[in-house]
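Examination of the molecular architecture
For reference, the chains in residue letters:
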Amino acid sequence: YVEYGKQWYQRRVRATCNGPYQGRWSKTMIGYGPEDTNFVLELTYNYGIDTYELGNDFLALNIASSEIFSAVSAEEKEDGSKSVTSPDGYGFRVENKEVSSGGPVTGITLASSNLSATETFWTEILGLSVLDKTEHQLKLGFSETQAFVKFVLAKQVNHAKAYGRVAFSVPTDELAAAEELAKTRGYKILTPYVTLKTEGKADVCVVIFSDPDGYEICFVGDEGFRELSAFDPEGDNLLNKAIEEDKSDDWFKRKGISKSSA
């Protein structure tokens, strides 16, 4: 999967929490440009986990780039886009458009079991605006120039074992108020306001919410985030070094056992 991602993104490395998995792990931030101005992905590698059960929650990462569109060999769909799937089963939707100032990634598409409930939470609690809306789809964002979050109506949302998290950097002084509003309205807080210490670097404050469909949304204090997310020119070398030093496949082979499935 990392080799697949290398063909699409420039890279940098950072480590944070890894969801429900408590073993040894590594994380890589991967994107087309600096995290301050581009939408990026946080890829997790859990040592000992070979495959993940996919749900129906994540539908696509949306990309607008004429260059990437030309490189994708898939047939063009009726709406003019092309679809491609990563080795792990994640979908990418590519449009034949010029790259915007915010980079090639235009947004993500997720499933929603109740668009009205989704709209209420994401607009009234998280502060996003409605960019477009139909009977079966809802497009949200903080502005037209930033990456959007698009929801498509589904009978139910199954996160299975490969689910992720959506993160936004927001002014630190707005975190506590957002958490209190969510609690007052009866929404679940997965991680209450907390300051995470990073040795030798800036502290970062976070609050993690859960929306009506169980999506995890992380609000990260913008001030600390900007320092921690600074581009690392050694990121590519660090990633390659970590891959070379990963001997977990050899370890499992010597033990005569297979990696587990999440």
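Further up the page is the structure itself.
The shown structure was predicted, so the numbers you read here are calculated from the model rather than taken from an experiment.

Parameters and conventions
Residues numbered from 1 in each chain as written. Predicted model: local features only at pLDDT ≥ 70, side-chain atom pairs only at ≥ 80, totals over all residues. Heavy atoms only, no water. Helix = DSSP H or I, 4+ residues; strand = E, 2+ residues; numbered from the N terminus. Buried < 20%, exposed > 50% of the residue type's maximum accessible area, 1.4 Å probe, protein only. Contact = heavy atoms within 4.5 Å. Areas by Shrake-Rupley, 256 points an atom, 1.4 Å probe, with all protein chains shown as cover. Arc of directions from axis to C-beta. Core = buried A, V, L, I, M, F, W, Y, C linked by side-chain atoms within 4.5 Å. Polar contact = N/O pair within 3.5 Å; in protein donor to acceptor, adjacent residues only side chain to side chain. Pairing = 2+ DSSP bridges. Axes fitted to C-alpha atoms, helices over the stretch in contact; angles between N-to-C directions. Phe/Tyr/Trp six-rings, centres within 6.5 Å; stacked < 30°, edge-to-face > 60°. Lys NZ or Arg CZ within 6 Å of the ring centre and 35° of its normal. Salt bridge = Lys/Arg side-chain N within 4 Å of Asp/Glu carboxyl O.

On to the overall build of the chain, then. Counting its secondary structure elements, the chain contains seven helices and 16 strands. With 262 residues in all, the chain has 41% of them scored as buried. Pairs at least 24 apart in sequence give 59% of the contacts found in the chain among residues at least 6 apart. Of the roughly 14,600 Å² of accessible surface on the chain, 49% is carried by carbon and sulfur atoms.

So, about helix α4 (residues 175-184). Among all positions of α4, only L175, A178, E179 and A182 are buried. The arc that holds the buried residues of α4, viewed along the axis, is 100°, so those residues lie on one side. Among the exposed residues of α4, those pointing more than 90 degrees away from its buried face are A177 and T184. The secondary structure elements touched by the buried residues of α4 are α3 (115-125), β12 (165-170), β13 (188-196), β14 (204-210) and β15 (216-221). In the stretch just after α4, G186 is the one whose phi turns positive, near 90°.

Attention now moves to the nonpolar core. With 41 residues, the main nonpolar core has W122, L126, F151, F168, F209 and F219 as its most contacted residues. Filtering out sequence-adjacent residues up to four positions away, F168 remains in contact with W122, L128, F142, V149, I217, C218, F219 and V220. By size, the runner-up hydrophobic cluster in this structure holds seven residues, among which are V204, I208, C218 and V220.

All right, on to the side chain of E119 then. By the element assignment, E119 lies in helix α3. Within the structure, E119 has its side chain in polar contact with the side chain of K133 (distance 2.8 Å). In this structure, E119 is in contact with E124, V130, K133 and L138, ignoring residues within four places of it in sequence.

Moving on: the sheet that holds strand β6 (residues 82-85). One key point about sheets: their strands pair by backbone hydrogen bonds, in either a parallel or an antiparallel sense. In spatial order, the strands read β6-β7-β5-β8-β11-β10-β9; together these seven strands make up an open sheet with mixed pairing. If you trace the sheet from one side to the other, it starts and ends with β6 and β9 (129-133), each paired once. On average, each strand axis in the sheet is inclined to that of its neighbour by 25°, with strand direction left out of account. Bridge count for β6 against strand β7 (residues 91-95) is four bridges, and the pairing is antiparallel. Paired with S83 across the bridge in β7 is R93. In the packing of α3 onto the sheet, contacts are made with β8 (105-112), β9, β10 (137-141) and β11 (148-153), and the angle to β10 comes to roughly 5°.

Under the defined criterion, the tally for this structure stands at eight aromatic pairs. Geometrically, the ring pair formed by F209 and F219 is edge-to-face, given 5.2 Å between the ring centres and 75° between the ring planes. Of this pair, F209 sits in strand β14 while F219 sits in strand β15; the two residues are 10 residues apart in sequence, bridging distant segments of the chain. Considered together, F209 and F219 belong to a single accessibility category, that of buried residues. Taken together through their ring pairs, the aromatic side chains of W122, F142, F151, F168, F209, Y215 and F219 make up a single cluster. The side chain of K82 reaches across the aromatic face of F69, ending 4.4 Å from its centre. If you follow K139 out to its NZ or CZ, it ends over the ring of F148, 4.6 Å from the centre.

As enumerated under the stated definition, the model contains seven salt bridges in all. E95 serves as the salt-bridge partner of R93, at 3.7 Å between the closest nitrogen and oxygen. You can call E95 buried: its relative accessible area is 19%. As a salt-bridge pair, E95 and K97 come within 3.5 Å of each other at their nearest N and O atoms. What makes K97 partly exposed here is its relative accessible area of 45%.

Looking down a regular strand, the side chains alternate between one sheet face and the other. Among the seven residues that make up β14, seven are buried, leaving the element largely enclosed by the rest of the structure. Of the two faces of β14, the one lined by V204, V206, I208 and S210 and the one lined by C205, V207 and F209 are each fully buried. Here β13 pairs with β14 via six bridges, running antiparallel. Pairing of I189 across the sheet is with F209, part of β14. Relative to β15, β14 runs antiparallel, the two sharing five bridges. Its bridge partner lying in β15, I208 is registered against C218.

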